[in-house]
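Residue strings, one per chain:
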Amino acid sequence: MNEVQLHAENVRQAAAKITAALGGLKPKLAIILGSGLGGLAAKVEGAVKLVYADLPGFPVLTVAGHAGQLIIGKLNGVPVIVLNGRKHFYETSDAYPLKTMIRSMKAVGVETLFLSNAAGSLRPHIKVSELMLITDHINFLGLNPLVGPNDEAFGPRFFPVADAWDPALGAKIKEVAQQQGVTLHEGVYVAFRGPSFETPAEIRMVQGWGGDAVGMSSVPDCLIARHCGMKVAGVSCITNMGAGLSDEKLSHAHTLENAAKGAGAFEKLVLAAVKVL
Ligand code: HPA
């Protein structure tokens, strides 16, 4: 088998295992939990858990704060699949594990992917522990997960991403945030590859580009999902001001600590939003 065939086979086998675990439940929504936002996993009712290690081709995780579990059940009565943990491009340039994870969601009938992440703010009015609806992105990873041989069975070689972050879903999430009294900014998410945080000069550069938040994830996930025809929505939890915009010293521990502070609002928003997504 070549790599394309092996990947297709992994997706097929992973989807079969997930379908068996669904036991008749038909989730249309999958949620990927970002760094420090794993608390939502504990809110899943009637949870059935699969570990990534048991799903062929799924990511093998290494970063603290990312558990590597697929959780099936209901959030606020709505059937969902929660993906707790994922592989980042600062760990590998191999996009296949992420592709397997997302394409197997599509294969089991999921139509909408909700992405979340921890991010740094580029704007003074977007403050630490607040949330930002992602309305668009800038892919500054230097990588696109769809580079390489294209399997037409998943999606086309070339595809538009003008509406990558679904405007109609975004509007619904904003409405829910207002109803719930949750502060929800909106803006453009800029993906850096990491693992270093940015320099102050890089932060000034992407401010000038129209970015509103920076992070190291979610853009590949969005592109893979859009390629195979899923809708995408996403929210960043602001864990810090971008480098040079405040005196705080950035670290992963700092990210997790501040993500925990935003997690309450994040969970409140998502629990209400699942009803309308
Ligand atoms: N930069 C990149 N990734 C991040 C940041 C940041 O400031 N905060 C949380 N993830």
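Please read these numbers as outputs of a predicted model, since none were measured by experiment.

Caption draft 1: Looking closely at the overall build of the chain. For the chain, the count of helices and strands is 6 helices and 9 strands. In summary, the chain has a C-alpha radius of gyration of 18 Å against a globular reference of 19 Å for 277 residues, a match within 12%. Principal-axis analysis of the C-alpha atoms gives the chain an extent of 50 × 40 × 35 Å. Counting every position in the chain, which comprises 277 residues, the buried fraction comes to 53%. Residue pairs at least 24 apart in sequence account for 83% of intrachain contacts in the chain once pairs closer than 6 positions are excluded.

Caption draft 2: Structural context of the state of the cysteines. This structure, assessed with the given rule, holds 0 disulfides. Cys237 takes part in no disulfide bond, and the closest cysteine sulfur to it belongs to Cys222, at a distance of 19 Å. Since its relative accessible area comes to 0%, Cys237 is described here as buried.

Caption draft 3: Examining the pattern of salt bridges more closely. Counted according to the given criterion, the structure contains 6 salt bridges. For Arg123, the salt bridge is made with Asp212, and the minimal N-O distance between the two is 3.1 Å. In this pair, Arg123 sits in the loop between strand S5 (112–121) and strand S6 (131–140) while Asp212 sits in the loop between helix H4 (200–208) and strand S8 (213–215), placing the two residues 89 residues apart along the sequence.

Caption draft 4: Quick peek at the site of the ligand. Taken together, Ala118, Ala119, Gly120, Phe197, Glu198, Val214, Gly215, Met216, Thr239, Asn240, Leu250 and Thr255 are the residues near the ligand. Taking Ala118, its main chain carries an N or O atom lying 3.3 Å from a nitrogen atom of the ligand. The contact in question runs from a nitrogen atom of the ligand to an N or O atom on the side chain of Thr239, over 3.4 Å. Protein burial of the ligand: of its 260 Å² of free accessible surface, 96% is covered by the chains. Put simply, the ligand lies in the largest pocket. Within the residue set of the shell around the ligand, elements represented by two or more residues are S5, S8 and strand S9 (231–241). Sorting elements by how many residues they give to the shell around the ligand places S5 first, with 3 residues. Grouping the amino acids of the shell around the ligand by side-chain chemistry returns 6 nonpolar, 5 polar and 1 charged.

Caption draft 5: Focus on helix H1 (residues 3–22). In this model, H1 (20 residues) spans 28 Å end to end at C-alpha, consistent with the 28 Å of a helix rising 1.5 Å per residue. Looking at H1, one finds that the buried residues are His7, Asn10, Val11, Ala14, Ala15, Ile18 and Leu22. Considered in projection along H1, the buried side chains sweep an arc of 130 degrees and stay on one side of the axis. Opposite the buried face of H1, by more than 90 degrees, sit the exposed residues Arg12 and Ala20. As for H1, its buried residues are in contact with strand S2 (45–51), strand S3 (69–75), strand S4 (78–84) and helix H2 (96–107). A side-chain oxygen of the first residue of H1 lies 3.0 Å from the backbone nitrogen of Val4; this N-cap is Asn2. Positive phi shows up at Gly23, right after H1, with a value of about 50 degrees.

Caption draft 6: Structural detail: unusual backbone geometry. With omega at 0 degrees, the peptide bond leading from Gly194 into Pro195 counts as cis. A positive phi angle is found at Asn76, which is not glycine, with a value near 50 degrees. With respect to the element layout, Asn76 can be found in the loop between S3 and S4. The phi torsion at Ser218 lies on the positive side, around 65 degrees, for a residue other than glycine. Note on placement: Ser218 falls in the loop between S8 and helix H5 (219–227). Judged by its relative accessible area of 1%, Ser218 is buried.

The rules behind the values
- Residues numbered from 1 in each chain as written.
- Predicted model: local features only at pLDDT ≥ 70, side-chain atom pairs only at ≥ 80, totals over all residues.
- Heavy atoms only, no water.
- Helix = DSSP H or I, 4+ residues; strand = E, 2+ residues; numbered from the N terminus.
- Rg over C-alpha atoms; globule rule 2.2 N^0.38 Å.
- Buried < 20%, exposed > 50% of the residue type's maximum accessible area, 1.4 Å probe, protein only.
- Contact = heavy atoms within 4.5 Å.
- Disulfide = S-S within 2.5 Å.
- Salt bridge = Lys/Arg side-chain N within 4 Å of Asp/Glu carboxyl O.
- Near = heavy atom within 4 Å.
- Polar contact = N/O pair within 3.5 Å; in protein donor to acceptor, adjacent residues only side chain to side chain.
- Areas by Shrake-Rupley, 256 points an atom, 1.4 Å probe, with all protein chains shown as cover.
- 1 Å grid on protein atoms, 1.4 Å probe; cavity = no way out; pocket = protein on both sides within 12 Å on 5 of 7 lines; lining within 4 Å.
- Sits in = over half its atoms within 2 Å of the grid points.
- Nonpolar A, V, L, I, M, F, W, Y, C, P; charged D, E, K, R; others polar.
- Expected span 1.5 Å × (residues − 1).
- Arc of directions from axis to C-beta.

Purely geometric stuff here, so don't read any function into it on its own.
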